[in-house]
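Survey of secondary and tertiary structure
So the chains spell out like this:
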Amino acid sequence: MRALRLERLEGPEGLLLTEVPEPEAGDQVLIDVRAAGVSFPDLLLSRGQYQMKPSLPFVPGVEVAGVVRHAPEGAAVKAGDRVMAFTLLGGWADVVAAAPGMTFPIPEGWSFEAAAGTVMNYHTAHFALHRRGRLREGETVLVHGAAGGVGTASLQVARGAGARVLAVVSSEEKAEVARSAGADRAFLSTSGDWVSQVKEATGGRGVDVVLDPVGGDIFDLSLKCLAPEGRLLVVGFAGGRIPEVKVNRLLLKNVDVVGVAWGSFLLHEPGITAEISRALASLAEKGFVEPVVGPVFPLEQAAQALRALESRTAVGKVVLRVR
Ligand SMILES: NC(=O)c1ccc[n+]([C@@H]2O[C@H](COP(=O)([O-])OP(=O)(O)OC[C@H]3O[C@@H](n4cnc5c(N)ncnc54)[C@H](OP(=O)(O)O)[C@@H]3O)[C@@H](O)[C@H]2O)c1
């Protein structure tokens, strides 16, 4: 089968389209891949900057959508089903093996491209906002990087929870995407004064929850936007700098900084996946969850797709069309 293999830890330049043997099914679900998501963790993996460091060469691709070729006994899906799956590695190939518990039916009417980038981002958004962020109906949520993969998913999950949703993005084009994905208001991080705008939009009180996949200055300034008992959810560091916080500021303002690591929490509490996927299926039925597909590249142009993330030009979820 065709697979895009990372030969060297050089980012997009380290990828090579090659022929490799198909994976064994074993006790996994074997999927004929139609589309695969391109995520920031793929980019970090390609440079050896992710927390997990697989040995070279390896096939990246954290998530896919496709058709089940073979499913083990007891799996909730069967041969011929349209599914989406979290794979962690191996998704940028014609065929991938996925854990049955991480493979889900594609909701009615969704394309393979829409489904391909769904599992990791929406599960992360739900885990962050509900489990870690203790979000309640009627609260206000501020989402950073709001036109990106995690960002658009978070806007929709927050709206589905009955929250008022604000977005921060770096361009007018991204603001438009954030609004159409469900943000009530969108502010430009480049304007220099988004903190006062957020304060003004909340009557001076600040927001109850900030979801931050960016880090750096965005994190520092977000501490100023929190309402009393507000929660700042640390989701990622797409901006590059891992911030630090003086804990007296948390004490003085009665606020929390909360870590969010969806993938590693699954080892601690595997049952949460079924719980979140039921909640997301219900949100999809009610029309809250509707993936925002950004640029779609053919498999062989995955390097270009990664560059779109790296250069911050991607708007919406970046996807590879595999077949
Ligand atoms: N904690 C978890 O469980 C978990 C799970 C999945 C992903 N993540 C993390 O979440 C982050 C976002 O992932 P994603 O797949 O949503 O990425 P994405 O689609 O590329 O979105 C990231 C957003 O970050 C903003 N950004 C700010 N500075 C940037 C820079 N220097 N380079 C690139 N983007 C920059 C961009 O928005 P603006 O241009 O509008 O600022 C961009 O849209 C990553 O750090 C990823 O590792 C964490």
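Residues numbered from 1 in each chain as written. Predicted model: local features only at pLDDT ≥ 70, side-chain atom pairs only at ≥ 80, totals over all residues. Heavy atoms only, no water.

1. Quick word on the packing of aromatic side chains
Just so we agree on the cut-off: Side-chain rings of Phe, Tyr and Trp (the six-membered ring for Trp) are treated as a pair once their centres are within 6.5 Å; stacked means planes under 30 degrees apart, edge-to-face means over 60, and tilted covers the remaining angles. Numbering goes from the N terminus for both helices and strands, where a helix is a DSSP run of H or I of at least four residues and a strand is a run of E of at least two. Burial status follows relative accessibility: with a 1.4 Å probe on protein chains alone, a residue under 20% of its type maximum counts as buried, one over 50% as exposed, and anything between as partly exposed.
One pass over the full model with this rule turns up two aromatic pairs. Here the aromatic rings of Phe86 and Trp262 are separated by 4.9 Å at their centres, their planes lie at 75°, and the arrangement is edge-to-face. Of the two residues, Phe86 is situated in strand β5 (residues 82-86) and Trp262 in helix α9 (residues 262-268); the sequence distance between them amounts to 176 residues. Residue Trp262 is classed as buried on the basis of its relative accessible area, which comes to 6%. Look at Phe127 and Phe265: their rings are 4.8 Å apart centre to centre, the planes differ by 40°, and that puts the pair in the tilted class. In this pair, Phe127 is assigned in helix α3 (residues 119-132) and Phe265 in helix α9, connecting sequence segments 138 residues apart.

2. Describing empty space enclosed by the protein
Stated precisely, the cut-off is as follows: Every definition here rests on a 1 Å grid over the protein atoms only: cavities are sets of points where a 1.4 Å probe fits but cannot get out, pockets are open sets enclosed by protein on both sides within 12 Å along at least five of seven lines, and lining residues have some atom within 4 Å of a point. Grid points are joined across faces, edges and corners, and a volume is the space filled by probe spheres set on the points. Here the nonpolar group is Ala, Val, Leu, Ile, Met, Phe, Trp, Tyr, Cys and Pro; Asp, Glu, Lys and Arg are the charged ones; every other residue, Gly included, is treated as polar. Either an automatic procedure or a domain database provided the assignment from which the domain bounds are taken.
What the rule picks out here adds up to one cavity of 30 Å³ or more. The volume enclosed by the largest cavity comes to roughly 40 Å³. Around the largest cavity sit Gly117, Asn121, Tyr122, Gly149, Thr152, Ala153, Pro291, Val292 and Lys317, which together line it. Only α3 and α4 (149-160) provide two or more residues apiece to the lining of the largest cavity. The element best represented in the lining of the largest cavity is α4, accounting for three residues. Residues of the lining of the largest cavity, tallied by class, amount to four nonpolar, four polar and one charged. Lining the lining of the largest cavity are residues from two domains, each supplying at least three of them: domain 1 (2-118 + 291-321) and domain 2 (121-263).

3. Details of the site of the ligand
Let me state the cut-off plainly: The cutoff for a nearby residue is simple: one of its non-hydrogen atoms must lie within 4 Å of the molecule or strand. N or O atoms within 3.5 Å of each other form a polar contact, as long as, within protein, one can give a hydrogen and the other can take it, and as long as residues adjacent in sequence are counted only when both atoms are side-chain atoms. Accessibility throughout is a Shrake-Rupley quantity obtained with a 1.4 Å probe, and a residue counts as covered only by protein chains that appear here.
Lining the immediate environment of the ligand, one finds 25 residues, of which Gly149, Val150, Ser170, Lys174 and Val260 sit closest. At 2.7 Å from a nitrogen atom of the ligand is found a main-chain nitrogen or oxygen belonging to Val260. When the ligand sits alone it has 910 Å² of accessible area, and the protein chains cover 89% of it. Of all the elements in the fold, those that place two or more residues in the shell around the ligand are α1 (40-46), α3 and α4. For the shell around the ligand, the element with the highest residue contribution is α1, accounting for three residues. A class-by-class count of the residues in the shell around the ligand yields 15 nonpolar, eight polar and two charged. In this structure, the shell around the ligand is formed jointly by two domains, domain 1 (2-118 + 291-321) and domain 2 (121-263), each of which donates at least three residues.

4. Details of the nonpolar core
Definition in use: Among buried residues, those of type Ala, Val, Leu, Ile, Met, Phe, Trp, Tyr and Cys that are joined through side-chain atoms within 4.5 Å constitute a nonpolar core. Residue contacts follow a heavy-atom distance rule, with two residues in contact if any of their heavy atoms lie within 4.5 Å.
Ranked by size, the top nonpolar core spans 57 residues in total, and within it Leu129, Val141, Leu155 and Leu233 carry the most contacts. Counting the residues that make up this core, at least three belong to each of domain 1 (2-118 + 291-321) and domain 2 (121-263). Among residues more than four places away in sequence, those in contact with Leu233 are Ala128, Leu129, Arg132, Gly133, Val209, Val210, Leu211, Asp212, Val258 and Val260. Counting residues in hydrophobic clusters, the runner-up holds 40 residues, among them Met1, Val59, Phe297 and Ala303.

5. Details of a positive patch on the surface
Stated precisely, the cut-off is as follows: What goes into a patch is any residue over 30% in relative accessible area without a salt bridge, connected to like charges within 9 Å or, for nonpolar side chains (Val, Leu, Ile, Met, Phe, Trp, Tyr), within 5 Å. The term salt bridge refers to a side-chain nitrogen of Lys or Arg lying within 4 Å of a carboxyl oxygen of Asp or Glu. In this charge count, Lys and Arg are treated as positive and Asp and Glu as negative; neither His nor the chain ends contribute. A single reference atom marks each charge: NZ on Lys, CZ on Arg, CG on Asp, CD on Glu.
On the surface, Lys224, Lys246, Arg249 and Lys253 cluster together to form a positively charged patch. Its place among the elements puts Arg249 in helix α8 (residues 247-253).

6. Some points on the pattern of salt bridges
With the rule as written, the count across this model stands at 22 salt bridges. Ionic pairing is found between Glu22 and Arg69, a salt bridge with its closest N-O pair at 2.8 Å. Here Glu22, found in the loop between β2 (15-19) and β3 (29-38), pairs with Arg69, found in strand β4 (residues 63-70); they are 47 residues apart in sequence, far enough to count as distant. One salt bridge in this structure joins Arg231 and Glu139, with 2.7 Å as the shortest N-O distance. Here Glu139 lies in the loop between α3 and β8 (140-144) and Arg231 lies in strand β12 (residues 226-234), a separation of 92 residues in the sequence. Judged by its relative accessible area of 3%, Arg231 is buried. By relative accessible area, which is 7% here, Glu139 ends up buried. The structure contains a network of salt bridges with shared partners spanning Arg2, Asp94, Glu300 and Arg323.

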